[in-house]
There are 2 protein chains.
Amino acid sequence: MNTTITETQTASVITSAELLEHWQGHRRLTRRLIEAFPEKEFFEYSIGGMRPFASMVKELLSIAVPGVKQIAGVEGENEYITQAAGKANILALWDKATDEINHYWRQIPDGKFHDNILLFGKYKGTVWFSIFYVIDNEIHHRGQGYVYLRSLGIEPHPFWER
Amino acid sequence: MNTTITETQTASVITSAELLEHWQGHRRLTRRLIEAFPEKEFFEYSIGGMRPFASMVKELLSIAVPGVKQIAGVEGENEYITQAAGKANILALWDKATDEINHYWRQIPDGKFHDNILLFGKYKGTVWFSIFYVIDNEIHHRGQGYVYLRSLGIEPHPFWER
C-alpha cells in the first residue's frame, strides 16, 4: 500500500460560513436533547458516576461564546459560567449563545484559522483545531445524553436531523 | 445585535490533509475505547435497549473506507460489512481501515469537497458534509461507548488525547 504523503492536498475543505452553519446545526440538535429531558432528570440523572446532562450543557455554554469571542479578539467576562437553575433558563441562555456565536463569528478575520492560539489561556492549538474541539466536545457529550434519555425510556431526536 | 451575513467569510478553515489527520486522531481514540472493553461486554453490554458497542463499531467500519472509496471514485465491494467475532478481529479490521483511509483519501481530487454526491446511493450532500457526517457519527457513538464503560466501572481514555 502506498502511504507517501501527497503534498498537494492543501485545498479548502470547508469555509468559515459553512463551519458556522454546521456547528449551529449541531447546536439545534443539542437544544432538542435538552428539551427532551424531564426537568428533574436533566439536573439529577446520571449513569456510572458521570455528570448529569445539565452539567455537561453548562460546560458547553461556558466555552462556546467565550471561545468564539477570544478568537475574534473581543475582551469581556464569561457570562456563561452559570449556576442557572431550571431548564427554561438554560434554554434561554442557549438561544442567547446562538445569536452571540453568529455575531462574534463574523468578526473572525479571514485567514486566521491557521493561527496558533492559547484558548482560555490554557489550550494550545490552531484556531481551526480549537473550534473543532468545541464542536466535537458537544457531539461527544450529546452522545452521552442520548444514552441517559434512552435509559429513561425516552426516544431522542434522530442524530441526522439538525 | 447585528446579524447581517458577511459575504467575505469564504476563507479556508481546514485543508484536506488536516482533516484526514483530525479524523485519524479521532480513530486512534475510538481504537482505545474498543481496547478498553472486556471481550464479552464489547459484544453484549448495552443500556436502555441500545446496541452493544461492537455493533456501533461495525457500523463505523462499514461506512468509513467505503465512503472514502466512493468519494475517491474507486469501485469495489464493501469488505467492511462484517460479522467478525472477537475484539482482536475487529481491531485488525480497524487497523486495515486506517491504512485504506489514508490510501484512498490521497485519491480525492483537490477541489472536490464542494461537489454534490449521493453517498452509498442514498445520502445527498456535499463531499465535505458527507465526510463530516462520518466523523461526527463516530464521535457520537464513541461518546455512548464512554457511558457504557463508566457504567461498567472502567475509566475510559481522556477525550482530549488522540
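Residues numbered from 1 in each chain as written. Chains lettered and ligands numbered in written order. Predicted model: local features only at pLDDT ≥ 70, side-chain atom pairs only at ≥ 80, totals over all residues. Heavy atoms only, no water.

1. Considering the pairing of strand β3 (residues 123–126) of chain B
Residues and elements named next belong to chain B. In terms of strand pairing, strand β2 (residues 116–119) meets β3 through 4 bridges, oriented antiparallel. Each residue of the ladder has a partner; that of leucine 118, found in β3, is lysine 124. Following β2, the chain reverses through 3 residues before pairing antiparallel with β3; phenylalanine 120 in that reversal takes a positive phi of roughly 55°. (Pairing = 2+ DSSP bridges. Helix = DSSP H or I, 4+ residues; strand = E, 2+ residues; numbered from the N terminus.)

2. Some points on the interface of chain B and chain A
Each partner contributes to the interface: chain B provides 51 residues, whereas chain A provides 51 residues. Of the roughly 4,800 Å² buried between chain B and chain A on both sides combined, carbon and sulfur atoms contribute 64%. Here chain B and chain A share 8 residue pairs in polar contact (both at pLDDT 80 or more) between them. Elements supplying a minimum of two residues to the side of chain B that touches chain A: β1 (12–15), α1 (16–36), α4 (87–105) and α5 (127–151) of chain B. Considering every element that reaches the side of chain B that touches chain A, the biggest residue donor is α5(B), with 15 residues. Taken together, the residues that form the side of chain B that touches chain A break down as 22 nonpolar, 21 polar and 8 charged. Strand direction decides the pairing type here: strand β1 (residues 12–15) of chain A and β1(B), joined by 3 bridges, are antiparallel. Within β1(B), the position partnered with Ser12(A) by the bridge is Thr15(B). (Contact = heavy atoms within 4.5 Å. Buried area = accessible area lost by both parts, 1.4 Å probe. Polar contact = N/O pair within 3.5 Å; in protein donor to acceptor, adjacent residues only side chain to side chain. Nonpolar A, V, L, I, M, F, W, Y, C, P; charged D, E, K, R; others polar.)

3. Describing the confidence of the model for chain A
Residue and element names in this part refer to chain A. Mean pLDDT over chain A works out to 92, with 93% of the residues at or above the 70 mark. Low confidence marks residues 1–8, where pLDDT is under 50. Its contacts with residues over four positions away, or in another chain, come to 10 contacts. Complex prediction metrics read pTM 0.93 and ipTM 0.93. (pLDDT = per-residue confidence, 0-100.)

4. A word on unusual backbone geometry
Even without glycine at this site, Phe120(A) takes up a positive phi of about 55°. Residue Phe120(A) is classed as partly exposed on the basis of its relative accessible area of 30%. (Buried < 20%, exposed > 50% of the residue type's maximum accessible area, 1.4 Å probe, protein only.)

5. A word on the pattern of salt bridges
In this structure the tally under the stated criterion is 14 salt bridges over all chains. When the shortest N-O distance is used, the salt bridge between Glu21(B) and Arg28(B) registers 2.8 Å. The class of Glu21(B) is partly exposed, set by a relative accessible area of 43%. Note that Lys40(B) and Glu44(B) form a salt bridge whose closest N and O atoms lie 2.8 Å from each other. With Lys40(B) and Glu44(B) both in helix α2 (residues 39–44) and 4 residues apart, this pair spans about one turn of that helix. Neither residue differs from the other here; Lys40(B) and Glu44(B) are each classed as exposed. Three or more residues are tied together by salt bridges with common partners; here these are Arg31(A), Glu35(A) and Asp95(A). (Salt bridge = Lys/Arg side-chain N within 4 Å of Asp/Glu carboxyl O.)

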